[in-house]
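Report on the structure
Here are the chains, one letter per residue:
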Amino acid sequence: MIYLICFCIALLLLLVVLGNGKINNNNIILMCIIVAVSNGGYFALAISSNLQEAILANTISYVLGIFSPIIILFTICDVCRVQVSSYLNAFLLFLQSVLYLSICTVGHNDFFYKTVEFHTTDKFSYLTKTYGIGHTLYLISLLIYTLAGMAVAIVSLSRKTIVSRINVDIILFVYVLSVGVYLVERFLKLRIELMPIFSTATIGIMLIPLIKVYSYSVYNNQVFFESEMKSKACFIIKKNLKYMGCNEHAVYLFPELKNWELEKKIPSNGGRFNTFLRQPLNNYIKAEDYASPVISTYNYKGEKFQYEIGPLLHRNNTLKGFYIQVQKISDVSVELK
């Protein structure tokens, strides 16, 4: 019964992701699909009535172990702004697909399982097996992707101006939890599989930082356009005045951003932001008139800049934060022509 519940929860999480227009990342969608399919396999294994049904269900359940580590790694690289070659991504997915094909041969050769036996109780069915070289390769791939993901997350802890420490801490917690659960299963040799429960919980936990990342991303918000990114400084500030991110041009115009930590309060002293934009932002917040943005100008070193401060809204039109755009007046004139 618990496997059926996990399957239903995984499907619900998939619907939440698909229904959330802010999340358009294929890796997140794939991960939800993988967890749902795998949980379905575990449920089918528990209610199977013979060896052939159990082997097929077991093969389906391995979708999680084969593909989730690499998808999670890709997702972490995306969140931590680590560029990975598309060719490398395709090659690694190809290797995992080949490994999954070896699982599909269980019952026909001893490459993945040397032996496999079917057992049933009053409540559920399960398999006992002895492992072959294919399973050893599977464990090696699991170890490599897990260590790689943890390495990316740990290294990213030092990049606090690019990656939120809170998000990285959640990712590391998920990794440690997953490894711990797998080790418990392996050493205690439990008849009941714990991975469906914890993989469902894991994807639910990971969705918390992922939704936040994409919700407050400069590059994923419709108030900013791709054509503007090179000529305008773009910021996103949470409604509690926590800094959530900016584009490259913002760092060029406001060098102090190199020292700002994500999801921390905006520093109150020093820098061009506090000199020219802090007070207008405070005034905009105090006015509580978010029907339209405020547009004004300021002068710096003989040049004139135009800024725009406006609301960032949830789908239900409730306030979640503010956006700020800054551009040199000369650049504005060129665009108008």
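So, here's what we can say about the structure. For clarity, every value in this text was computed on a predicted model and none was experimentally measured. (Residues numbered from 1 in each chain as written. Predicted model: local features only at pLDDT ≥ 70, side-chain atom pairs only at ≥ 80, totals over all residues. Heavy atoms only, no water.)

**Some words on the pattern of salt bridges**
Summed over all chains, the structure comprises 1 salt bridge. Note that Lys328 is salt-bridged to Glu303, the shortest N-O span being 3.3 Å. Residue Lys328 is found in strand 7 (residues 319-328), and its partner Glu303 is found in strand 6 (residues 303-313); the two are separated by 25 residues along the sequence. On the basis of relative accessible area, Lys328 is assigned to the partly exposed category, the value being 26%. (Salt bridge = Lys/Arg side-chain N within 4 Å of Asp/Glu carboxyl O. Helix = DSSP H or I, 4+ residues; strand = E, 2+ residues; numbered from the N terminus. Buried < 20%, exposed > 50% of the residue type's maximum accessible area, 1.4 Å probe, protein only.)

**Here we look at the packing of helix 1 (residues 2-19) against helix 2 (residues 26-46)**
Where helix 1 meets helix 2, the axes come as close as 8 Å, and the angle between the chain directions of the two elements is 165°. Here helix 1 lies roughly antiparallel to helix 2, going by the angle between them. In terms of crossing hand, the pair formed by helix 1 and helix 2 is left-handed. Mapping the contact onto sequence places Tyr3, Leu4, Cys6, Phe7, Ala10, Leu11, Leu13, Leu14, Val17 and Leu18 in helix 1 and Ile28, Ile29, Cys32, Ile33, Val35, Ala36, Asn39, Gly40, Tyr42, Phe43 and Ala46 in helix 2. Its residues assigned to classes, the contact of helix 1 with helix 2 shows 19 nonpolar, 2 polar and no charged. (Axes fitted to C-alpha atoms, helices over the stretch in contact; angles between N-to-C directions. Parallel < 35°, antiparallel > 145°, perpendicular 65-115°, else oblique. Left-handed = near helix turned anticlockwise from the far one by under 90°. Contact = heavy atoms within 4.5 Å. Nonpolar A, V, L, I, M, F, W, Y, C, P; charged D, E, K, R; others polar.)

**Points about unusual backbone geometry**
Not every positive phi belongs to a glycine, and Leu241 is a case in point at roughly 65°. Looking at where Leu241 falls in the secondary structure, it is placed in the loop between strand 3 (233-238) and strand 4 (243-246). Not every positive phi belongs to a glycine, and Lys301 is a case in point at roughly 50°. Counting through the fold element by element, Lys301 comes out in the loop between strand 5 (294-300) and strand 6.

**A short note on the nonpolar core**
Where a protein is soluble and globular, its nonpolar side chains tend to be buried together. Formed by 53 residues in total, the largest nonpolar core has its most connected members in Met31, Tyr62, Ile66, Ile76, Tyr100, Phe112 and Tyr138. Breaking this core down by element, the ones donating at least two residues are helix 1, helix 2, helix 3 (51-79), helix 4 (86-103), strand 1 (113-120), helix 5 (133-156), helix 6 (165-188) and helix 7 (195-215). At 16 residues, the largest contribution of residues to this core is made by helix 3. In contact with Met31, other than residues within four places in its own chain, are Leu64, Ser68, Ile71, Ile72 and Ile203. With 26 residues, the next largest nonpolar core counts Leu253, Leu257, Tyr284 and Leu319 among its residues. (Core = buried A, V, L, I, M, F, W, Y, C linked by side-chain atoms within 4.5 Å.)

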